[in-house]
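Read off the chains here:
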Amino acid sequence: MNISTIDRQSLLGRLPIAEGLLVAVAVFWGTSYGLTKDALLYVSVLGFIGIRFSLTFFLLLPCFVADYRKGHAKDWKSAIPTGVILLGIFIAETFGVAYTTASNAAFLISLCVVITPFVEWLVYRRSLNRSLCMFAVISVVGVCMLTLNVSMNIQLNQGDGYILLAAFLRACMVVVTKKTLESKELTAISITMVQSGIVAIGAFSLLFLNEGTPFPLLPDSIEFWWITLYLVVFCTVFAFFAQNYALKRTSATKVSLLMGSEPAFGALFAILWLGETLSIFQYLGGALILIATIKTAINK
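In this report, the structure presented in the accompanying data block is examined. (Residues numbered from 1 in each chain as written. Predicted model: local features only at pLDDT ≥ 70, side-chain atom pairs only at ≥ 80, totals over all residues. Heavy atoms only, no water.)

### Details of the overall build of the protein
Phase 1: For the protein, the count of helices and strands is 13 helices and 0 strands.
Phase 2: Secondary structure of the protein in N-to-C order comes out as α-α-α-α-α-α-α-α-α-α-α-α-α.
Phase 3: The long-range fraction of contacts in the protein, counting pairs at least 24 apart against all pairs at least 6 apart in sequence, stands at 88%.
Phase 4: Of the roughly 15100 Å² that the protein leaves accessible, carbon and sulfur atoms contribute 69%. (Helix = DSSP H or I, 4+ residues; strand = E, 2+ residues; numbered from the N terminus. Contact = heavy atoms within 4.5 Å. Areas by Shrake-Rupley, 256 points an atom, 1.4 Å probe, with all protein chains shown as cover.)

### A few points about the pattern of salt bridges
Phase 1: Inspection of every chain in the model, using the stated rule, returns 3 salt bridges.
Phase 2: Here K254 ties to E19 by a salt bridge, and the two come within 3.2 Å at their closest N and O atoms. A residue pair is termed long-range when its members are at least 10 positions apart, and K254 in helix α11 (residues 252-259) and E19 in helix α2 (residues 17-39) qualify at 235 residues.
Phase 3: A relative accessible area of 7% places K254 in the buried class.
Phase 4: Residue R170 is joined to E93 by a salt bridge in which the shortest nitrogen-to-oxygen separation is 2.9 Å. Of this pair, R170 sits in helix α8 (residues 158-183) while E93 sits in helix α4 (residues 80-99), and the two are 77 residues apart along the sequence.
Phase 5: Accessibility expressed as a relative area gives 19% for E93, which makes it buried. (Salt bridge = Lys/Arg side-chain N within 4 Å of Asp/Glu carboxyl O. Buried < 20%, exposed > 50% of the residue type's maximum accessible area, 1.4 Å probe, protein only.)

### A word on a nonpolar patch on the surface
Phase 1: Together, L59, I222, W226, L229, V233 and F234 line one region of the surface with nonpolar side chains, adding up to about 600 Å² of accessible area.
Phase 2: Looking at where I222 falls in the secondary structure, it is placed in helix α10 (residues 222-247).
Phase 3: Taking the relative accessible area as the measure of exposure, I222 reaches 60% and is therefore exposed. (Patch = residues over 30% accessible without salt bridge, like charges linked within 9 Å, V, L, I, M, F, W, Y side chains within 5 Å.)

### Here's the deal with the environment of T177
Phase 1: Inspection of the secondary structure puts T177 in helix α8.
Phase 2: On the basis of relative accessible area, T177 is assigned to the buried category, the value being 0%.
Phase 3: Put simply, T177 and L247 are 70 residues apart on the chain and 7.5 Å apart in space, counted from C-alpha to C-alpha.
Phase 4: When residues no more than four places from it in sequence are discounted, the contact partners of T177 are T82, I191, Q195, N244 and L247.

### With respect to α11
For an α-helix, the turn length of 3.6 residues means that residues three or four places apart are oriented alike.
Phase 1: Counting buried positions along α11 yields 8 of 8 residues, so the element is predominantly enclosed.
Phase 2: Listed as buried for α11 are A252, T253, K254, V255, S256, L257, L258 and M259.
Phase 3: Where α11 begins, one side-chain oxygen reaches toward the backbone nitrogen of K254, 3.1 Å away; that side chain belongs to S251. (Polar contact = N/O pair within 3.5 Å; in protein donor to acceptor, adjacent residues only side chain to side chain.)

### Let's talk about the nonpolar core
As a rule of thumb, soluble globular proteins bury nonpolar side chains together.
Phase 1: Grouped together as the largest cluster of nonpolar side chains are 53 residues, with contacts concentrated most on W29, F53, L86, V174, V255 and M259.
Phase 2: Contributing elements (two or more residues each) for this core: α2, α3 (45-69), α4, α6 (112-124), α8, α9 (188-211), α10 and α11.
Phase 3: The element contributing the most residues to this core is α10, with 12 residues.
Phase 4: Residues contacting V174, with those up to four places away along its chain left out, are T116, Q243, L247, A252, V255, S256 and M259.
Phase 5: With 15 residues, the next largest nonpolar core counts A92, V113, A167 and L257 among its residues. (Core = buried A, V, L, I, M, F, W, Y, C linked by side-chain atoms within 4.5 Å.)

Set out below in structure tokens:
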């Protein structure tokens, strides 16, 4: 091994690769809301969730088979609980959005950032990282400024309760997934495939209970399938792989906080792509989120 090879390995070891992947996830998720809304013009919510996650499942299946043959996915059954939690997140978010405003939903779901440190503390019984807790609070304040009006007038209703449940489940999701990856022989890709399969099965089962048919009619719109392909590749396969990859290498609190920068990138996408405008108050909120994200990424 020559000196240049050692230097490259040393540089790669110092680069915050896991943190960078999580910021990329936040960017992609920030673009997903408008695209998902367009896709739902062609199919129901449960039908779309089923299509999206079944495609993800079959896309990752060859990788899972390869990992299983190498002995890297023998504990795949241990990932089932994380898939059930993920299904619960999507159900709670779906009902929540149906009964509350988009701004309330965006703010309340971001509370997973401050819930995660306490869930992690309960599971691991380690002292809280004060720096990460401070950045979490800053990020939530930023989300509040970005998504709510200046009066901050919040009145909780049934939909808000569902969103709060989703925020709690998100916190549980990253902590339980991290615990699973630490104690089991399971790759990030394999656990992502199992999670996707559980969500797809759950969505189709609920569709059958609600509409009497287990599978939705497949749309014939090219726009729908391009949107779905984008969401599957970047917002599902890449996003959950990156989350699971990062959870092997850093804390659940840090993962939750970095992905919690999603509203800032969603606002940026709305400005650049959709032509929307923000107030100075909202710009300041977005700046707080980005500051907290950058500080978290470089925090050791």
